[in-house]
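Fold and geometry: a report
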Amino acid sequence: MTSAFVKLLVSDLARSQAFYEALGFERTQAEPPFVRLQWAGTVDIYLVSPPSARQLEGRRGMGVLVGIRLESSPNGLDELLLRAQAQGAAVEGPTVQPWYTREVIITDPDGYRLNFIEPA
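Residues numbered from 1 in each chain as written. Predicted model: local features only at pLDDT ≥ 70, side-chain atom pairs only at ≥ 80, totals over all residues. Heavy atoms only, no water.

As for the environment of A18
Relative to the helices and strands, A18 is located in helix 1 (residues 13-23). When the C-alpha positions of A18 and Q87 are compared, they lie 9.5 Å apart, and in sequence the two are 69 residues distant. (Helix = DSSP H or I, 4+ residues; strand = E, 2+ residues; numbered from the N terminus.)

Structure below.
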């Protein structure tokens, strides 16, 4: 079996975990210095706290979008948008793309950009 995942270095593990769980991710494992989260049982994201001697500098994820396709549901993207706004996250969209998707980009507390996509 082949799988893919994303590791995100975060400055405050507890804050990031709370943010992602508020969006709808489910924690499946927590063993400091990392937390494993899943979206709909199919997308894995690891939040990793770097060693204290190593400082995170600058904006992380510059030029990278972490893409997550939503399952068909009547309020999927709209509900997610409301959850993100309730967390005070920067949100771009929703935007209908020429390739027949509707997309929202949500920026997490560390500056990582999450691109949620559903069919238009």
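Quick notes on the pattern of salt bridges
Evaluated as defined, the whole model comprises seven salt bridges. For R102, the salt bridge goes to D78, with nearest N and O atoms at 2.6 Å. Here R102, found in strand 7 (residues 101-107), pairs with D78, found in helix 2 (residues 76-86); they are 24 residues apart in sequence, far enough to count as distant. Looking at D78, the relative accessible area reads 32%, which means it is partly exposed. Among the ionic pairs, E118 bridges to R102, the shortest N-O distance being 2.9 Å. Of the two residues, E118 sits in strand 8 (residues 113-119) while R102 sits in strand 7, which places them 16 residues apart along the sequence. (Salt bridge = Lys/Arg side-chain N within 4 Å of Asp/Glu carboxyl O. Buried < 20%, exposed > 50% of the residue type's maximum accessible area, 1.4 Å probe, protein only.)

Some remarks on the confidence of the model for the protein chain
Chain-level pLDDT for the protein chain is 86 on average; 87% of the residues reach the 70-or-more range. Least confident of the elements in the protein chain is strand 5 (residues 65-69), whose mean pLDDT is 85; most confident is helix 1, at 94. (pLDDT = per-residue confidence, 0-100.)

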